[in-house]
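Architecture at a glance
Now for the letters of each chain:
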Amino acid sequence: MATTERLPTVRAELISFSVNGRSVDVAAPGTRRLSRVLRDDLGLTGTKVGCDAGDCGACTVLLNGEPVCACLVATGQASGCEITTVEGLAGRSPLHGRLQQSFLSHGAAQCGACTPGMLVAATVLLEYNSSPSESEVMDAIGGVLCRCTGYRKIITAIMEAGANPVLEASPAAGAAVGARLVRLDGKKKVEGSEIFGADETPAETLGVRVIRCPHHRARFQFGDLDQFAATHPGVMLILTAKDVPGIDCYGVIPRFADQPVFAHHEARFRGEAVAALAGEPDALEGFDLAKFPIRWEELPPLKTIHEALAADAPRMHADREENVLVRGRVVCGDVDKALAEADVVAAGEYETGFVEHACIEPEAGFARRIGDCIEIQACTQAPYMDRHDIAKILGIPPEKVRIIPTAVGGGFGTKLDLSVQPFVALAAWKLGRPARMVYSRTESIVSTTKRHPAHMRLRAGATRDGKLTALDFSADFNTGAYSSWGPTVAGRVPVHASGPYRVPNYRAMTRAVHTNIVPAGAFRGFGVPQAAIAQEQLYDELADRLAIDRLEFRILNALQNDSPTVTGQVLGEGVGIRACFEALRPRWQAARAEAAAFNAGAVGPLRHGVGVAGMWYGCGNTSLPNPSTVRIGLKRDGRIALHQGAVDIGQGSNTIVPQICADALGAPVAQFDLVSGDTALSPDCGKTSASRQTFVTGKAAHMAGSKLRSEILKLAGACDCAAVEFGNGSVAVDDDAKQKVLALAEMPLDPHGYVITCEATFDPPTSPLDEDGQGSPYAVFGFGAHLAEIEVDLDLGTVRVLKVTAAHDVGHAINPTLIEGQIEGGVAQGLGMALMEEFFPGKGENLHDYLIPTAGDVPPVESILIEDPSSIGPFGAKGIGEQAVIPTAPAILNAIHDAVGVRIHKVPATPDRVRAAILEKASGGMRG
Ligand code: FES
Ligand code: FES
């Protein structure tokens, strides 16, 4: 993982080809990747690079009409050829304009990182076949990965492109909430003009390359760095720990911050940064980092929870006894007594592995110094948190740091933590020139956070008539070398491990344990998906022992408005879990009958099964302040500036927050100008995580919109019920008595540059948990239940998911299309977690070996939206992002048991594990 001999210089040659109908001559080495020439030399950044290895398909372009991965084509091979990129699709024929429209109207682009590749791949199919079948579409896009959408809306958009899709008109004033509004940032995504982290390079920008530890644990000593710099003229700066001017320690939770920008003497995980080189990009690229002067002394690593907890294990952080970062605990009632008295008790032990986020966009961005300030433009989920940590690292006030978030090509939690930011900031700060960095896929995988592996043990008890009486749950999470979001996972899981059920006697204990592995952090659900895998399988066991239908067992125990949760919180409203389960009942009964009929007639190795699982998820931080502040300004031209700092990572906050604000104000969405999460322009809307942006930022937007309406009415001397109409340069206010027109052009501007500015802050009402974890950790919960229908091959151990039906209580569906997109994407990630995704540190650090679901893996998903509103959320809305992923994996695992009678205790349920369980059962040794 390190180089410093210069590789032989490759000479540039003049290569001519045509791009999007235009002839170009490029001076480049013939071996240079076509993707790079298109992006760097021709500025066609619509072509994305997700892997540089032919695995993701993001770079798909047409070469003489055939789709190719541009990262695998040497530019010399393109000589004399005709290339079409996403930027050229619309000009190719009306068909392509229709395809782009279809992507917009079906919500087929979320983050948009895969969208150019998808559109190009679909183009070829549609040129030959204007009404393709589902399987033809799946074949056509089979080589392009999407991590957000679950593919279903993409497939539909392609199949229906020929139907001349018409985009619905933007909703009128007061009609935005509930509308299937096309995402406001969608056009740029389908045209390839959206700017992601790697898509801009200011003039005179330097490159940065990081030297990373190749071992799980190693001491190191640098050689002669001065001599190295002197003999490598392209290298302008070598950065190590001693070059950090401020505090060399950062972390997403300040109280637990423990990660250095560069390791000091000992690296604690494979992939940890120890030094960085900054210099002219071409010169840096030519160095073999393995030759950097550093001597490694490999040390025995602690790789597993078991090793880290051993009595003789070395302590990884001096202040953390037993290598335990933090413990979580929620206790109510008397769980031992209740289990002893239960009519039926089931017990189980479950394990899950590391899961890689696999965002299609790797981490990227640049920094530039402007006087005594630093600006960082990068992909991030948390601009204000980045600002805080960069200020600390550089030793300057936060006001001197400006974070400009780009579009984010998938985040799912991993882009909450710093990645390229400290390296480019340090280089730009010291050299006074912009510095840029784009992680390679391998660098992204080895150095960024993962989903926590969990080892969980639990026992549950119930009465003879099916009432849950007790759950005893304990879990250890492998949190890796540094804290990241380990405390959040260890704290959130005990609150949620009961599932959405009334459990009167409860004990949940967790530990986040340090190991010499890349830090585990936030990944959609903060540990709750792992807990659901255990608890939902165990509840099936209980139901089976009681001979009660598994869905009816859940309905019988589902939380209700007046039920106390395991933390003693009585929500009093909006507990929609029972409605979710009941919505699944018709399909559950039909699917069970169909599976039974199939199995009864089966002569070959295939068996069908049906599984169900429930979930709940508290929106926002656990018992911690969690505010969002939104500012809106009425401009002299009658338009409204909406400063909302919620970063849209594909989930749709750029659309949903304006929808909410528009209806609160009484203006059409089309009247709004969105101002992004740039810390110099917008107030802090907190991080995009924990399903909080619709709920928390949406509520702040609702409050700000209502305030502006009140201010306008006050100016006009009108009553609350007056109608307000926004015109060109004026606002007309009508009430029964009179009409008044505010001539905005003549009105003075306030310090923000608006005629009227309103700001509102919302912080969800929660209370701290006591030492038994009792209290009100969240103001609002989302609820949901999934039903999975699957097919198992007894001979091969393979599992195919045939259909998922997903019912979610979202309070109020602000934009049903975007919510369905979250559900379908969540199902795809849950399917990956259940059946195929497992990261082994040190192995398969690419998208060839680390498998995520492709278009062919994800089944049809039927979404059922339940609206049991919260009086706290905006228009009653709750979050959906994390919720959508939680029940899929346990529903699939329960379906496997239903199909073939084996319980999978170690996830993912890969064919070898399923087959081994089937063989074990056949030999009479089955457990569980
Ligand atoms: S970037 Fe070319 S296939 Fe991934
Ligand atoms: S929309 Fe496909 S990767 Fe994000």
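Residue positions are given per chain, counting from 1 as you read along its sequence in written order. As they are written, the chains are lettered A onward and the ligands numbered 1 onward, keeping that order. Owing to the predicted nature of the model, reporting of local features is limited to residues with pLDDT of at least 70; listing and counting of side-chain atom pairs is limited to 80 or more, with chain, interface and lining totals taken over all residues. Excluded from the side-chain calculations are hydrogens and water; all other atoms, namely the structure's heavy atoms, are used.

A closer look at the overall build of the protein
The secondary structure content of the protein amounts to 23 helices and 36 strands. Values of the radius of gyration come from C-alpha atoms, whereas the globule rule sets the reference at 2.2 Å times the count of residues to the power 0.38. Here the C-alpha atoms of the protein give a radius of gyration of 28 Å, agreeing with the 30 Å that 2.2 N^0.38 yields for 928 residues. Projecting the C-alpha coordinates of the protein onto the three principal axes gives extents of approximately 85 × 80 × 60 Å. Remark: exposure states derive from per-residue accessible area (1.4 Å probe, protein chains only) relative to the maximum for the residue type, with buried under 20%, exposed over 50%, and partly exposed in between. Counting across all 928 residues of the protein, residues that qualify as buried make up 64%. In what follows, a contact means two residues having at least one pair of non-hydrogen atoms within 4.5 Å. Pairs at least 24 apart in sequence give 77% of the contacts found in the protein among residues at least 6 apart. Using a 1.4 Å probe, the Shrake-Rupley method yields the accessible areas, and only the shown protein chains count as cover for residues. Of the roughly 31,700 Å² of accessible surface on the protein, 51% is carried by carbon and sulfur atoms. As used throughout, the charge tally considers Lys and Arg to be positive and Asp and Glu to be negative, leaving His and the chain termini uncounted. Charge positions come from single atoms, namely NZ of Lys, CZ of Arg, CG of Asp or CD of Glu. In the protein, which carries 86 positive and 107 negative side-chain charges, the distance between the mean positions of the two groups comes to 2 Å. The secondary structure listing takes helices from DSSP runs of H or I that are at least 4 residues long and strands from runs of E that are at least 2 residues long, numbered from the N terminus.

Points about the sheet that holds strand β8 (residues 218-222)
Only when DSSP finds a minimum of two bridges between them are two strands counted as paired. Spatially, the 3 strands line up as an open sheet ordered β10-β8-β13, and their pairing is antiparallel. Only two strands of the sheet have a single partner each, and these edge strands are β10 (266-267) and β13 (294-298). Two elements, β8 and β13, share 5 bridges in a ladder whose sense is antiparallel. Residue pairing for β13: Phe222 is matched across the bridge by Ile294.

Overview of the pairing of strand β26 (residues 628-634)
Taken across its 7 residues, β26 has 7 buried, putting it largely inside the fold. Residues Ser628, Val630, Ile632 and Leu634 of β26 are buried on one face, and the alternating residues Thr629, Arg631 and Gly633, pointing to the opposite face, are buried as well. Pairing analysis gives 4 bridges linking β26 to strand β27 (residues 640-643), with the strands arranged antiparallel. Among the inter-strand pairings, Gly633 is bridged to a residue of β27, identified as Ala641. Remark: 5 residues form the turn of the hairpin made by β26 and β27, two consecutive strands paired antiparallel; Gly638 in that turn has positive phi of roughly 90°.

Quick look at the environment of Gly499
On the secondary structure map, Gly499 appears in the loop between α15 (486-496) and β24 (505-514). Each C-alpha atom of the pair Gly499 and Arg402 lies 41 Å from the other, and the pair is 97 residues apart in sequence. Among all residues touching Gly499, those that are not within four sequence positions of it are Gln535 and Trp616.

Describing the sheet that holds strand β4 (residues 60-63)
The mixed open sheet is built from 5 strands, whose spatial order is β3-β2-β6-β4-β5. Whereas interior strands pair on both sides, the edge strands pair on one side only; in this sheet they are β3 (22-28) and β5 (66-69). On average, adjacent strands in this sheet sit at an angle of 40° to one another, irrespective of strand direction. Bridge count for strand β2 (residues 13-19) against β3 is 7 bridges, and the pairing is antiparallel. Residue pairing for β3: Val19 is matched across the bridge by Arg22. Axis definition: a line fit to C-alpha positions, over the contact stretch in the case of helices; interaxial angles, taken between N-to-C directions, run 0 to 180 degrees.

Structural notes on the nonpolar core
Here, nonpolar core means buried Ala, Val, Leu, Ile, Met, Phe, Trp, Tyr and Cys residues that are tied together by side-chain atoms lying within 4.5 Å of each other. Judged by nonpolar contacts, the single largest core of 102 residues is most densely connected at Phe103, Ile158, Ile790 and Ile896. Core analysis: the next-biggest nonpolar cluster, separate from the first, contains 74 residues, Ala462, Val503, Ala543 and Tyr778 among them.

Details of the packing of aromatic side chains
Here a pair means two rings of Phe, Tyr or Trp (six-membered ring of Trp) with centres within 6.5 Å. Their orientation is stacked below 30 degrees between planes, edge-to-face above 60, and tilted elsewhere. Throughout the structure, instances matching the rule amount to 15 aromatic pairs. The interplanar angle of 75° and the centroid separation of 5.4 Å between the aromatic rings of Phe228 and Phe292 together place this pair among those described as edge-to-face. Here Phe228 is found in helix α8 (residues 225-230), whereas its partner Phe292 is found in the loop between β12 (287-289) and β13, with 64 residues between them in sequence. With 5.7 Å between their ring centres and 65° between their planes, Trp485 and Phe526 make a pair best called edge-to-face. Note that Trp485 is positioned in the loop between β23 (468-480) and α15 and Phe526 in the loop between β24 and α16 (528-546), a separation of 41 residues in sequence. Look at Phe526 and you get buried, because its relative accessible area is 3%. These aromatic residues form a ring-pair network of at least three members: Phe220, Phe222, Phe228, Phe292 and Trp296. Counted as over-ring charges are cases with an Arg CZ or a Lys NZ within 6 Å of the ring centre that also lie within 35 degrees of the ring normal. When the ring centre of Phe523 is taken as origin, the NZ or CZ atom of Arg451, which lies over that ring, is 4.4 Å away.

Here we look at the state of the cysteines
Only a pair of cysteine sulfur atoms within 2.5 Å qualifies as a disulfide here. Applying the stated criterion across every chain yields a total of 0 disulfides. Left unpaired, Cys619 is separated from the closest cysteine sulfur, that of Cys580, by 13 Å.

What to know about the confidence of the model for the protein
What pLDDT conveys is the predictor's confidence in a given residue, as a value from 0 to 100. Here the protein averages 95 in pLDDT, and 98% of its residues register 70 or above. Here residues 1-8 scores under 50 on pLDDT; set against residues more than four positions off or in separate chains, the count is 34 contacts.

Let's talk about the packing of helix α12 (residues 383-394) against helix α13 (residues 421-431)
One way to put it is that α12 packs onto α13 with a least axis distance of 10 Å and a crossing angle of 45°. In terms of orientation, α12 lies oblique with respect to α13. Here α12 and α13 pass one another in a crossing that is right-handed. Taken together, the residues of α13 that come into contact with α12 (itself represented by Asp386, Ile390, Ile393 and Leu394) are Gln421, Pro422, Ala425, Leu426 and Trp429. Note on terminology: angles under 35 degrees are roughly parallel, angles over 145 are roughly antiparallel, angles of 65 to 115 are roughly perpendicular, and the others are oblique. The crossing is said to be left-handed when, going from far helix to near helix, the turn is anticlockwise and less than a right angle, and right-handed when the turn is clockwise.

Re the side chain of Thr205
When you line up the elements, Thr205 lands in the loop between α7 (186-191) and β7 (206-212). Residue Thr205 is classed as buried on the basis of its relative accessible area, which comes to 9%. In terms of polar contacts, Thr205 uses its side chain to reach the backbone carbonyl oxygen of Pro202, at 2.4 Å. For Thr205, the contacting residues outside a window of four places in its chain are Pro281, Pro434, Ala435 and Arg436. Pairs of N or O atoms within 3.5 Å make up the polar contacts considered here, provided that, within protein, one atom can donate a hydrogen while the other can accept it, and that residues adjacent in sequence are counted only when both atoms are side-chain atoms.

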